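Structure assessment
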Amino acid sequence: MLAEKAALRQEVWSAMSAARVARFPGAAGRIPNFSGAEAAAERLRAMPLWRRAGTVKANPDAAQLPVRQRALEDGKTVYMAVPRLAGREPFFALDPDHLSEPPRKAASISGAARSARRVALAGLSPVDVVVMGSVAAGEDGARLGKGGGFADLEFALATAAGLIGPQTVAVTTVHELQVRPAGVIPLTSHDVPVDFIVTPERVIDCRTRHGPRPAGGIRWEDLTEEKIAAIPLLSAQRAERR
């Protein structure tokens, strides 16, 4: 399965590079920053689920910066993971009423470092919408990340803490070249499906086609000692279990 996922990533990265729809610094090895990311963000912004949301948790990648920007412009609190969940306070909390610079700058990683509070998991509030970056997304809600497992790990941690519940909506914004038919993206038991895929051209409702979300909690057997040691939050949680 790992080889199949790796091959699919390469397929998507190559297709985006060939079509010249991946912005600097290119598609390979990352969540691609795609042409039309702003249009996808506007399409998401027009959805009723967005208008109802007060709190958005979003990945820190450049492809979803337009989503984070619009959330702040619309008065929503934004939680963004510090890249690789580094530090004992691995989340940025952006309050739209207390930004030191405009939303466009505050929504970037460097801007969040200046405008946001660094908070621990316990400092977050329940989340209405989770925005996840993707290398590929299937019409059945299957999502393929860049291989680090951080998005699914963040989702598991937030679910276990009661911050993500049955009513929380999971969304990804991608280019059309990143969309795959149902059944193409292989899934493991810890992979989190998305409810909606939003591209610059359309919205794909996956809710009736994907299976249940993984149960809350960390699957410790799936984590290497290196990953646990690299993420203080995981090290602390494991220490509490002993």
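Before any of the text, the structure's been laid out above.
Here the structure is a predicted model, which is why all the values come from computation and not from measurement. (Residues numbered from 1 in each chain as written. Predicted model: local features only at pLDDT ≥ 70, side-chain atom pairs only at ≥ 80, totals over all residues. Heavy atoms only, no water.)

With respect to the secondary-structure elements, Asp152 resides in helix α7 (residues 150-160). Within the structure, Asp152 has its side chain in polar contact with the backbone nitrogen of Val192 (distance 3.2 Å). Apart from residues no more than four positions distant in its own chain, Asp152 is found in contact with Met132, Arg143, His190, Asp191 and Val192. (Helix = DSSP H or I, 4+ residues; strand = E, 2+ residues; numbered from the N terminus. Polar contact = N/O pair within 3.5 Å; in protein donor to acceptor, adjacent residues only side chain to side chain. Contact = heavy atoms within 4.5 Å.)

Our focus in this paragraph is the pairing of strand β3 (residues 91-94). Working note: regular strand, side chains alternate between the two faces of the sheet. Neither face of β3 is open: one carries Phe91 and Ala93, the other Phe92 and Leu94, and all of them are buried. Sheet analysis places strand β2 (residues 77-81) next to β3, joined by four bridges and oriented antiparallel. Bridged to Met80 within β3 is Phe92. In this structure, β3 lies alongside strand β4 (residues 117-119), joined through three bridges in antiparallel fashion. Its bridge partner lying in β4, Ala93 is registered against Arg117. (Buried < 20%, exposed > 50% of the residue type's maximum accessible area, 1.4 Å probe, protein only. Pairing = 2+ DSSP bridges.)

Here we have eight strands laid out as an open sheet, ordered β4-β3-β2-β1-β5-β8-β10-β11, and mixed in their pairing. With partners counted over all chains shown, the strands left at the sheet margins are β4 and β11 (203-205), one partner each. Here the average twist between neighbouring strands, direction ignored, is 25°. In terms of strand pairing, strand β1 (residues 55-58) meets β2 through four bridges, oriented parallel. Directly across from Ala58, in β2, lies its bridge partner Met80. Where α7 meets the sheet, it contacts β1, β2, β5 (129-132) and β8 (169-173), and its direction lies at approximately 165° from that of β5. (Axes fitted to C-alpha atoms, helices over the stretch in contact; angles between N-to-C directions.)

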